[in-house]
Amino acid sequence: MSELDELMRAFGEAGGDKGVLADAGTAHLVASGHKILSARDIPGLEVKAKETMSGISARVTVKAGVKVKNPVHMCFGVLHKKGTQKIKMDVRLEPGSSAHFIAHCIFPKAEKVRHLMDAVVDIGEGAEMRYSETHFHGLFGGIEVIPKSRVTVHRNGRFFSDFTLTSGRVGKLALDYTVEAGEDSVVELAARVFGHAVDDVRIRDRVVLSGRNARGLIKTRVAIEDRATAEVTGITEGNAAGARGHVDCMEIVKDGAVAKAVPIVQVNNPLAKVTHEAAIGSVDKRQMETLMAHGLSPEEAVDVIVKGILR
């Protein structure tokens, strides 16, 4: 079995659509370790990727006014027990364009693996980008994931991001997003993570509402059990008249797990408004009792509640 076949098999097991590589109308980029296995651009969307001494560098450009019909698929992974993957991404949506990016990051055998992502995203005036990233890490926990993104959303732009790591062990996660939102733009950042054993979860989301009437939402859902730890920092700054932001963090803890939430709201313009809410605790007792009354064991009831929170 080739490396591409093996990665795509794992991609399918992680919920991805293996048929995307054969679809000439779907842009994609597939990389294993420091090797590019497959890439395709389509009219109006350009993918330029190369292998470098330190990893992989890729630039994706959606041309002005182009509305990409099919999601753009990205698959990054390390199939071996040990290794390092460094991805440098430059994504640009020109004015009036739109695209949905779906990324699967796959590390099924990781015992000593590092995955580093450094992304710069520029969303032009009136453009819209949706980015969905799902991780699959296997059961060993020997992985360190360090994704860092710097995003600029220009006037009337839209940016929606959704990060999910609920399958397998987390290992060590250090997620770091900073988004600057221009006039009349909308930004939504969502993250869902389930940590086990001695997993370490660190999430830092920062939204800077720089333009008039900019809107921002940070929504984080984290569940941890055993001896896992989590620290979630949500930062929103209201710097212009009419700017509105909200930070919403919920963390569920079980066993000896330890969680910390740090919501930071800052308003630098009297006509801006930023709010926050954070909740940390065990599962809801009434929900537990209701589910157990329907025949579920305490363990099964907890699993149902946690899965509901992480949807």
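This text follows the structure it describes.
Residues numbered from 1 in each chain as written. Predicted model: local features only at pLDDT ≥ 70, side-chain atom pairs only at ≥ 80, totals over all residues. Heavy atoms only, no water.

Caption draft 1: Representation of the overall build of the protein in the model. The number of helices and strands found in the protein is three helices and 19 strands. Here the C-alpha radius of gyration of the protein, 20 Å, is about what a compact globule of 311 residues would show, namely 19 Å. If one aligns the C-alpha atoms of the protein with their principal axes, the spans along those axes are about 60 × 55 × 35 Å. When burial is assessed residue by residue, the protein has 50% of its 311 residues classed as buried. When contacts within the protein are restricted to residue pairs at least 6 apart in sequence, long-range pairs at least 24 apart make up 77% of them. Averaging the coordinates of the 42 positive side-chain charges in the protein and doing the same for the 40 negative ones gives two points 3 Å apart. (Helix = DSSP H or I, 4+ residues; strand = E, 2+ residues; numbered from the N terminus. Rg over C-alpha atoms; globule rule 2.2 N^0.38 Å. Buried < 20%, exposed > 50% of the residue type's maximum accessible area, 1.4 Å probe, protein only. Contact = heavy atoms within 4.5 Å. Lys, Arg positive; Asp, Glu negative; His and termini not counted. Charge placed at Lys NZ, Arg CZ, Asp CG, Glu CD.)

Caption draft 2: Spotlight on the pattern of salt bridges. Summed over all chains, the structure comprises 17 salt bridges. A salt bridge links lysine 48 to glutamate 46, with the nearest nitrogen and oxygen atoms 4.0 Å apart. Classification of glutamate 46 as partly exposed rests on a relative accessible area of 28%. Its salt-bridge partner being aspartate 176, residue arginine 150 comes within 3.3 Å of it at the nearest N-O pair. (Salt bridge = Lys/Arg side-chain N within 4 Å of Asp/Glu carboxyl O.)

Caption draft 3: Structural context of the sheet that holds strand β2 (residues 35-40). In space, the ten strands of this open sheet follow the order β2-β1-β5-β7-β9-β11-β13-β15-β17-β19, with mixed pairing throughout. In this open sheet, the two edge strands, each paired with only one partner strand, are β2 and β19 (273-281). The mean inter-strand angle of the sheet, taken between neighbouring strand axes irrespective of direction, is 5°. (Pairing = 2+ DSSP bridges. Axes fitted to C-alpha atoms, helices over the stretch in contact; angles between N-to-C directions.)

Caption draft 4: Spotlight on the packing of helix α2 (residues 285-293) against helix α3 (residues 298-309). With their axes 9 Å apart at the nearest point, α2 and α3 run at an angle of 120° to one another. Taken together, the axes of α2 and α3 lie oblique to each other. For the pair α2 and α3, the crossing hand works out as right-handed. The segment α2 lies against α3, with Gln287, Met288, Leu291 and Met292 engaging Pro298, Ala301, Val302, Val304 and Ile305. Of the residues belonging to the contact of α2 with α3, the class tally is eight nonpolar, one polar and no charged. (Parallel < 35°, antiparallel > 145°, perpendicular 65-115°, else oblique. Left-handed = near helix turned anticlockwise from the far one by under 90°. Nonpolar A, V, L, I, M, F, W, Y, C, P; charged D, E, K, R; others polar.)

Caption draft 5: View of the packing of aromatic side chains. Under the definition given, this model contains zero aromatic pairs. One Lys or Arg, arginine 130, reaches over the ring of phenylalanine 160 and ends 4.1 Å from the middle of that ring. (Phe/Tyr/Trp six-rings, centres within 6.5 Å; stacked < 30°, edge-to-face > 60°. Lys NZ or Arg CZ within 6 Å of the ring centre and 35° of its normal.)

Caption draft 6: Representation of the nonpolar core within the structure. Grouped together as the largest cluster of nonpolar side chains are 68 residues, with contacts concentrated most on Met89, Phe101 and Phe159. Core analysis: the second largest hydrophobic core is formed by eleven residues, Ile252, Met288, Ala301 and Leu310 among them. (Core = buried A, V, L, I, M, F, W, Y, C linked by side-chain atoms within 4.5 Å.)

Caption draft 7: Spotlight on the pairing of strand β5 (residues 72-77). For β5, a buried count of six out of six residues is recorded, marking the element as mostly surrounded by other parts of the structure. Of the two faces of β5, the one holding Val72, Met74 and Phe76 and the one holding His73, Cys75 and Gly77 are both buried throughout. Taken together, the five bridges between strand β1 (residues 28-32) and β5 define a ladder with parallel strand orientation. Across the sheet, residue histidine 28 finds its bridge partner in β5, namely histidine 73. Inspection of the sheet shows β5 paired to strand β7 (residues 98-106) by six bridges, in the parallel sense. Note that in β7 the partner of phenylalanine 76 across the bridge is cysteine 105.

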